[in-house]
Amino acid sequence: MGTAIIGGGIAGCAVAYYLAAEGETDILLVEAGELGSGSTGGSFGGVRQQFSTPLEIELSRRGLEFWRSAERVFDAPVTWHANGYLFMTGQPEIMAKLAEAAALQREMGLTDVHVLDAEQIREVVPWVATDGLLGATHTPNDGRVTPTEGVAALVKAARSRGVRFREQWEVRSLERAGSGWRLNGPALIEAERVVACTGYWSSEFLRPFGLELTVRPMPLYSAISGPALAGQRVPLTIDLDTGLLIEREADGLVIAILYEDNPPGYGHARMLEEFAELARVRAPSLADLRIARHVVGNVDVGGDGHPYVGSVDDGLWMVAGFGGHGAMHGPPVAELLAKTIAGHPDPSLDIAALNPWRPKDAATEWMVATKKG
Ligand SMILES: Cc1cc2nc3c(=O)[nH]c(=O)nc-3n(C[C@H](O)[C@H](O)[C@H](O)COP(=O)(O)OP(=O)(O)OC[C@H]3O[C@@H](n4cnc5c(N)ncnc54)[C@H](O)[C@@H]3O)c2cc1C
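What counts, and at which threshold
Residues numbered from 1 in each chain as written. Predicted model: local features only at pLDDT ≥ 70, side-chain atom pairs only at ≥ 80, totals over all residues. Near = placed C-beta within 6 Å. Helix = DSSP H or I, 4+ residues; strand = E, 2+ residues; numbered from the N terminus. Nonpolar A, V, L, I, M, F, W, Y, C, P; charged D, E, K, R; others polar. Domains from an automatic or database assignment. Contact = placed C-beta atoms within 7 Å. Expected span 1.5 Å × (residues − 1). Buried ≥ 20, exposed ≤ 12 C-beta atoms within 10 Å, placed from the backbone. Arc of directions from axis to C-beta.

Peer 1: Hey, could you go over the site of the ligand for me, with residue numbers and the actual values?
Peer 2: The full set close to the ligand counts 42 residues, and G7, G9, G38, G199 and G326 are the nearest of them. Contributing elements (two or more residues each) for the shell around the ligand: α1 (10–21), α2 (39–42), β17 (291–301) and α9 (326–341). Counted by class, the shell around the ligand contains 18 nonpolar, 21 polar and three charged residues. Counting residues domain by domain, the shell around the ligand receives three or more from each of domain 1 (3–63 + 146–215 + 303–354) and domain 2 (85–140 + 217–301).

Peer 1: Describe the domain arrangement of the protein chain, listing the residues and the values that go with them.
Peer 2: As far as domains go, the protein chain holds domain 1 (3–63 + 146–215 + 303–354) and domain 2 (85–140 + 217–301). A C-alpha centroid distance of 29 Å is found between domain 1 and domain 2. Between domain 1 and domain 2, the contact holds 21 residues from the first and 20 residues from the second. Every element with two or more residues in the side of domain 1 that touches domain 2 is listed here: α2 and α3 (54–74). The dominant element in the side of domain 1 that touches domain 2, judged by the number of residues it contributes, is α3, at three residues. Here the residues of the side of domain 1 that touches domain 2 sort into seven nonpolar, 12 polar and two charged.

Peer 1: Requested: an account of helix α4 (residues 92–107), with residues and values cited.
Peer 2: Under the 1.5 Å per step criterion, the end-to-end length of α4 is 23 Å for 16 residues, consistent within 8% with the ideal 22 Å. Within α4, the full set of buried residues consists of M95, L98, A101, A102 and Q105. All buried residues of α4 lie within an arc of 125° about the axis, which places them on one face of the element. For α4, the exposed residues lying more than 90 degrees away from the buried face are P92, E93, E100, A103 and E107.

The following block contains the structure:
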C-alpha cells in the first residue's frame, strides 16, 4: 500500500486528511484503541495565540484559523468557544516575559493581546482577587474547542477522499521491508511510507530507529464543577505563580493545578485540597466549589516545548510530542508535514527546526502552561 499512518489522535487524523488533500492515494490509518482515545480525548482544548517564539506563534495563528473555521470547512459540528485566555503573575521577571511575548505577537500581526495591570484584571475577571498580582496578558479572541469534534470532522473529510481507518489495530513492531516498511499488528501490512503519529508512545515506539525522545505521559488531574460564576466571563485563566487553572465548561468550570511534573502521590484529593487553598486567595468565591466529576488525562509532556516533526528514516516520518499544545498546533503542523511528504513544502513556513533529530533542548519556548518559579 501507499501510506500507513500509525495513531488516530488529532495529529494522525489531520495528517490523513491533509495527505489526501494533497492528492495522495491509498492511505490507511491504524489506531491501537479508538480514534481520539489518547491525549486528544482528555484535552482541555485551549487554543491560544500566547506563545513566546515566532514559530509557535505562527503555529497558533494557523491553529486558531483551523478551529475557528472547522465547522464551515468540514461541514461538521466543531464548536468554537471564544472565551479568551488569561495568564497572570505576581513575579516581575515573568511579567516582563509576558509583556515581551505580547509585543512579539503584535509584531507578528496578532494585535489582539492586552497587557493588564491589577486593576484591569479586576475589570476583565471581577471574580479574581488581585492581591499579590502584578499583571496579566489577555487575549479575548482565543478560545477552546472539543478536540474529538475536530477528530470526527477530519475523519469524515478524509474518508470522503478515500482514506481508510482501522481501530483496535496496534502496531507491535515496525521493520524495513525492501524499500518500504512492514507493520506487525493484528495482521501484516506493507507500506511504501509510514507516518508515526503515536503521541506520548513515540519515545518507545521510535527508539528502535535510534531516536532518543523524552516525550512521556503525565496524568493531569482535573475536576468539573457544578454551576459557577453564572453570567461572568471566564477566559481560560492560569495563575503562572501557582499553576491554578480555571476554565469554563458549560455552566460550570474545569479546575486543575498545572505542574511540570506531578509531586509524588499526587491525585484528585490533593489537587482539590490545593485548589481550595489557592482559590481562597485568588478566587474566593470558588473556594467551596461543588465538584461534579473527576477527570484525568495523560498530557504528552517532555521534549523542549516544540513538537518533533519530520523524517526519522527513509520513508518513515513522525509528528508527536506537542508538550501539551497539540490540540491547537496538531492540525497546522500535520498540514505542514503532509505538504512536505507530498513534495510541496509550504514556502511560507519552514519546519526544519522541528526535525526530530535536533539536539536536546534546542528550542526555547517557555510559555508552556505550568507553574513558574
Ligand atoms: C488533560 C489535558 C489537557 C490538555 N490541554 C490542552 C490544551 O488546552 N490545548 C492544547 O492544545 N493541547 C492540550 N492538551 C494536549 C493535547 O491534547 C495533545 O498535545 C494532543 O492531543 C496530542 O495529539 P496526538 O495526536 O499527537 O496524540 P494522541 O492524541 O495521544 O494520539 C496518539 C494515538 O496513537 C495511538 N497509538 C500509539 N501507539 C500506537 C501503536 N503502536 N499502534 C497504533 N496506534 C498507536 C494511541 O492509541 C493514540 O490514540 C491537553 C492534554 C490533556 C491530556
